[in-house]
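Residues per chain, in single letters:
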Amino acid sequence: MKAVHFGAGNIGRGFIGHMLSASDYDVCFVARNPKKISMLQQRQEYPITLANKQQDTTIVNNVTAINVNEQRRVAEEIASADLITTAVGVSALGDIAEPIAKGIYLRMKANNYNPLHIIACENAIGGSTRLKKRIYPFLDERTRAKAERYISFPNAAVDRIVPAQNHEDPLQVTVEPFYEWVVHRPALLDGFKEIHGVHYVDSLEPYIERKMFTVNTGHCVAAYLGYLAGFRTIRQVMSNSTLRAKVRHVMEETGAMLIRKHGFDTEKHQKYIDTILERFANPNLTDQVTRVARSPLRKLSPHDRLVRPAMQASEFGIAIPHLTSAMAAAMLFDDKRDEEAMKMQHIIRENGLSSFIHDRMGIPEEHPVHQQVLTRYEELQRSKINAVLT
Ligand SMILES: NC(=O)C1=CN([C@@H]2O[C@H](COP(=O)(O)OP(=O)(O)OC[C@H]3O[C@@H](n4cnc5c(N)ncnc54)[C@H](O)[C@@H]3O)[C@@H](O)[C@H]2O)C=CC1
Ligand SMILES: O=P(O)(O)OC[C@H]1O[C@](O)(CO)[C@@H](O)[C@@H]1O
């Protein structure tokens, strides 16, 4: 069976490529970095190291790569693939839509009616559905009708912390031992080759919301608070008891919403939070605050890890003082190397806070969360480090 994976980055190599190869898929990465592409073509394998005490290392094999700009080759790979996965970043899904559409066209022209599954492995709710919406405009009506029958886009949740890499071997990737990949089972077509270790579920929403609004919310909160307090790594943030408690409080606020909405067992959810705090604090993993905080406009958008749980909690009447503080901290993220951070600061300067909260975060002025975020922003801005560390 053949899998085509877009994005040979941290999650691509450190999680998805590994899982697919271990399930006997031949994996072809569609990538951008010429050096990595040529190394993958030559070696057809790479090492993956677990961030545990022993630094256990295994070899991922049966892999190769092609350049995303080689349009004909990419289309040919898609035309004969059984599975397409992506880990390019949700904002880049639009960039890979046309190459995928060209492959689908070629596939249908060649009368290949074997089932094809396309799974976006991004930090987003409904990532595969979003990708489908980007691909379809590039298909003619006939190909689209065939795609509706033979191609499915199961949504998924992926969870594994894979920081930026710093190895002599550019292909080597260090990953945390924990992983969870959940796929929406009803979207699977007959003939799908199961991926070992994936959890197939009938209803994805509780899983993706639990993951996004606990792991991703907590992680970015650690990053935004840590940034204001002057820390460099997530491990340093988690070693500070005040900040660790603040991260926990935010996860407890989103947790109260998740328990209410999805009926999770309170005790089990508390344990889930504890496990995640331990994962963030992993002494064998070095993860930069700026990586986890990256792209604040996306992270503050209406359906992402901060605003969406805040609005849902508010609907249930759950108080969210820590979450609104964290949202304010995110709005103060001003790392010069982060394009979105710079754009956000420009928008706030030009249009003002209130309009940013309304236009970019989708929180109407009359909504109580709007005022809470404003107030917390002003407090934090007055005394950045003091307000964060007390
Ligand atoms: N790193 C992590 O811990 C986790 C990341 N994710 C998600 O996985 C996705 C990827 O994240 P990372 O691997 O951390 O980022 P990354 O930056 O390491 O990898 C992204 C890769 O996609 C490639 N890419 C971008 N546009 C492309 C295009 N048009 N064609 C081909 N390749 C393209 C980049 O060159 C890069 O190698 C994101 O959506 C992220 O939210 C999800 C869970 C955990
Ligand atoms: O990839 P994003 O959405 O920018 O989030 C930053 C990082 O924090 C995490 O969400 C938490 O593990 C990772 O999945 C991710 O790489």
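Position numbers for residues start from 1 in each chain and track the written sequence from start to end. Here every chain gets a letter starting at A, and every ligand a number starting at 1, in the order they are written. Side-chain atom pairs in this predicted model are given and counted only at pLDDT of 80 or more, local residue features only at pLDDT of at least 70, and totals for whole chains, interfaces and linings cover all residues. Values reported for side chains reflect all heavy atoms of the structure, with hydrogen atoms and water molecules removed beforehand.

Engineer: In this structure, what is going on with the overall build of the chain? I would like to understand it.
Structural biologist: The helix count covers DSSP runs of H or I at least four residues long, the strand count covers runs of E at least two residues long, and both are numbered beginning at the N terminus. Across its full length, the chain carries 18 helices and 12 strands. Here the globule rule is a power law, 2.2 Å times the number of residues to the power 0.38, and the radius of gyration is based on C-alpha atoms. Whereas a compact globule of 390 residues would reach a radius of gyration of roughly 21 Å, the chain reaches 21 Å, a difference of no more than 12%. Reported as C-alpha extents along the three principal axes, the dimensions of the chain are approximately 60 × 50 × 45 Å. A 1.4 Å probe rolled over the protein chains alone gives each residue an accessible area, and that area as a share of the maximum for its type sets the label: buried under 20%, exposed over 50%, partly exposed in between. Within the span of the chain, comprising 390 residues, buried residues form 56% of the whole. We get accessible surface area from the Shrake-Rupley algorithm with a probe of 1.4 Å; when it comes to residues, only the shown protein chains can shield them. Accessible surface computed for the chain: about 17,000 Å², of which carbon and sulfur atoms make up 47%. Positive residues here are Lys and Arg, negative ones are Asp and Glu, while His and the chain termini are left out of the count. Think of each charge as sitting on NZ of Lys, CZ of Arg, CG of Asp or CD of Glu. Placing the 49 positive and 44 negative side-chain charges of the chain at their respective mean positions leaves the two points 2 Å apart.

Engineer: Would you mind going over the sheet that holds strand 12 (residues 199-201) with me for this structure?
Structural biologist: The three strands are arranged 9-11-12 in an open sheet whose pairing can be described as mixed. If you trace the sheet from one side to the other, it starts and ends with strand 9 (156-159) and strand 12, each paired once. Shown here is a sheet whose adjacent strand axes are inclined to one another by a mean of 15°, direction ignored. Any two residues having at least one pair of non-hydrogen atoms within 4.5 Å are treated as being in contact. Axis definition: a line fit to C-alpha positions, over the contact stretch in the case of helices; interaxial angles, taken between N-to-C directions, run 0 to 180 degrees. In the packing of helix 1 (residues 10-22) onto the sheet, the strands contacted are strand 9 and strand 11 (180-184), and the crossing angle to strand 11 comes to about 70°. In short, DSSP must find at least two bridges between two strands for them to pair.

Engineer: What is the right way to read the pattern of salt bridges from this model?
Structural biologist: Close approach of charged atoms allows side chains with opposite charge to pair. Any Lys or Arg side-chain nitrogen found within 4 Å of a carboxyl oxygen on Asp or Glu counts as a salt bridge. Counted by the stated rule, this structure contains 20 salt bridges. One salt-bridge network, in which partners are shared between bridges, spans Glu 205, Glu 209, Lys 261 and Arg 308.

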